[in-house]
Amino acid sequence: MANGVLSFPLTSFHDDGSLDPDGFRTYVADRIATGPGAVFPACGTGEFFSLDEDEYRQVVTITVEEAGGRVPVVAGIGYGWAQAVRFARIAEEAGADALLVLPHYLVAAPQDGLVAQLEQIAARTRLPLIAYQRGQVTFTVGSLKRIAAIPTVIGLKDGHSDLDRLQRLTLAAPEGFLFFNGAATAEIQARAYATVGIPAYSSAVHAFAPEIANAFFTAFQDGDDGTVEKLLRDFYVPLVELRDRVPGYAVSLVKAAARLRGRPVGPVRAPLTDPSAANLADLKMLLTTGLDLVGAAL
């Protein structure tokens with residue numbers, strides 16, 4: 001997973017909101033062809049929260065088929081542990097390599113409960129688990145040690161960006177335990193995460209502009225600070241500013257950008273909304289700028 005961008009594909013829907021399996025197959029095959037380090041279907045960017053179990057099965061199965069063993073497939077699961085296990089079993093049957101445990105639904109929980117959630121899931125699937133701390137889920141050092149002791153829990157994805165806490169967690173983790181930068185638009189904080197020993201990151205930009213995502217990843221890996229800073233200044237920071245205009249744009253802007261490039265992903269499902277005409281125009285201008293920076297075209 002450290003050898004390429006971690007790709008989180010969008011889920012394709014028809015205009016009426018129904019799943020578009022053929023469109024998704026075309027789209028995810030295109031993502032995999034760009035050489036990501038791993039592909040994570042049916043996660044946050046893939047609107048896991050809006051998929052029923054049959055749709056989820058189709059999304060994971062298609063991804064596994066198109067990956068063909070070339071890259072790991074890590075499927076999202078979530079809600080309470082009982083529901084998460086239902087999705088885990090579907091992903092296991094579909095041939096996924098591992099699971100990303102998304103933050104549980106609605107309620108805040110104590111540390112013992114966060115650990116128990118992973119214990120319950122781990123006891124019911126053979127697949128490796130990556131915990132995801134974001135929103136109401138935050139692990140202490142003590143809890144990190146407890147979940148790392150679960151044989152099938154292999155890593156932690158972080159969306160809080162608390163570098164002090166992260167440094168403590170990485171120092172407390174056993175050798176070989178994986179950490180991932182899962183901040184929204186993770187490239188913005190890639191260098192900061194790397195300073196505490198977390199160079200791997202997920203990229204929403206890869207969902208619509210793998211040329212930009214891969215150019216940033218290469219520059220980041222090579223220590224090409226000039227290219228990194230130019231892409232941050234002229235593309236990534238403006239993208240975050242646009243994203244922050246409306247709740248849910250972290251997904252709907254990504255999907256709109258993919259549509260601007262002719263990708264068969266369709267609209268978002270409620271409660272998300274597609275971008276306004278004005279924001280879509282700004283997105284198109286920014287996307288053109290970003291692609292120009294890496295020698296690609298819309």
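One can find the structure itself at the top, above this paragraph.
Residues numbered from 1 in each chain as written. Predicted model: local features only at pLDDT ≥ 70, side-chain atom pairs only at ≥ 80, totals over all residues. Heavy atoms only, no water.

Undergrad: How should I be thinking about the environment of Ala296 in this particular structure?
TA: Following the sequence through the fold, Ala296 ends up in the segment after helix H11 (277-293). Once residues lying within four places of it in the same chain are set aside, the contact partners of Ala296 are Glu211 and Leu291. (Helix = DSSP H or I, 4+ residues; strand = E, 2+ residues; numbered from the N terminus. Contact = heavy atoms within 4.5 Å.)

Undergrad: Looking at this model, I keep getting lost on the side chain of Arg243. Mind explaining?
TA: With respect to the helices and strands, the residue Arg243 is situated in helix H9 (residues 225-243). Residue classification places Arg243 among the buried positions, given a relative accessible area of 16%. Side-chain polar atoms of Arg243 contact the side chain of Thr185, separated by 2.7 Å. Apart from the residues within four sequence positions on either side, Arg243 is in contact with Ala184, Thr185, Tyr249, Ala250 and Leu253. (Buried < 20%, exposed > 50% of the residue type's maximum accessible area, 1.4 Å probe, protein only. Polar contact = N/O pair within 3.5 Å; in protein donor to acceptor, adjacent residues only side chain to side chain.)

Undergrad: Explanation requested: the nonpolar core in the structure shown.
TA: Most often, soluble globular proteins keep nonpolar side chains buried together rather than apart. Core analysis: the biggest nonpolar cluster contains 103 residues, and Tyr56, Ile77, Leu100, Ile147, Val205, Phe208 and Phe216 have the highest contact counts within it. If sequence neighbours within four positions are ignored, Tyr56 has contacts with Ala42, Phe48, Leu51, Ala75, Gly76, Ile77, Phe87, Ile90 and Ala91. (Core = buried A, V, L, I, M, F, W, Y, C linked by side-chain atoms within 4.5 Å.)

Undergrad: Looking at this structure, how should I read the packing of aromatic side chains?
TA: The geometry of two aromatic rings is summed up by the distance between their centres and the angle between their planes. Counting across every chain of the model gives 13 aromatic pairs. On the numbers, 4.4 Å between centres and 10° between planes, the contact of Phe8 with Phe40 is stacked. Highlighted residues: Phe8 in the loop between strand S1 (6-7) and helix H1 (21-32) and Phe40 in the loop between strand S2 (38-39) and helix H2 (53-67), separated in sequence by 32 residues. According to the relative accessible area criterion, Phe8 is buried, its value standing at 5%. For the pair Tyr201 and Phe216, a centre-to-centre distance of 6.3 Å together with 85° between the ring planes defines the contact as edge-to-face. Placement of the pair is Tyr201 in the loop between helix H7 (190-194) and strand S8 (202-203) and Phe216 in helix H8 (residues 210-222), with a sequence separation of 15 residues. Accessibility assignment for this pair places Tyr201 and Phe216 in one class, buried. Joined through ring pairs, the aromatic side chains of Tyr201, Phe216, Phe217, Phe220, Phe235 and Tyr236 make up one cluster. Over the ring of Tyr132 we find Lys157; its NZ or CZ atom is 4.5 Å from the centre of that ring. (Phe/Tyr/Trp six-rings, centres within 6.5 Å; stacked < 30°, edge-to-face > 60°. Lys NZ or Arg CZ within 6 Å of the ring centre and 35° of its normal.)

Undergrad: Please clarify how the pattern of salt bridges should be interpreted in this entry.
TA: Opposite charge on two side chains lets them pair, provided their charged atoms get close. Enumeration according to the criterion identifies 20 salt bridges in this entry. Across the pair Arg245 and Asp282 runs a salt bridge, and its minimum N-O distance is 2.9 Å. Of this pair, Arg245 sits in the loop between H9 and helix H10 (249-260) while Asp282 sits in helix H11, and the two are 37 residues apart along the sequence. What makes Arg245 partly exposed here is its relative accessible area of 46%. A relative accessible area of 31% places Asp282 in the partly exposed class. Each member of the salt-bridge network shares a partner with another, and the members are Arg25, Glu65 and Glu66. (Salt bridge = Lys/Arg side-chain N within 4 Å of Asp/Glu carboxyl O.)

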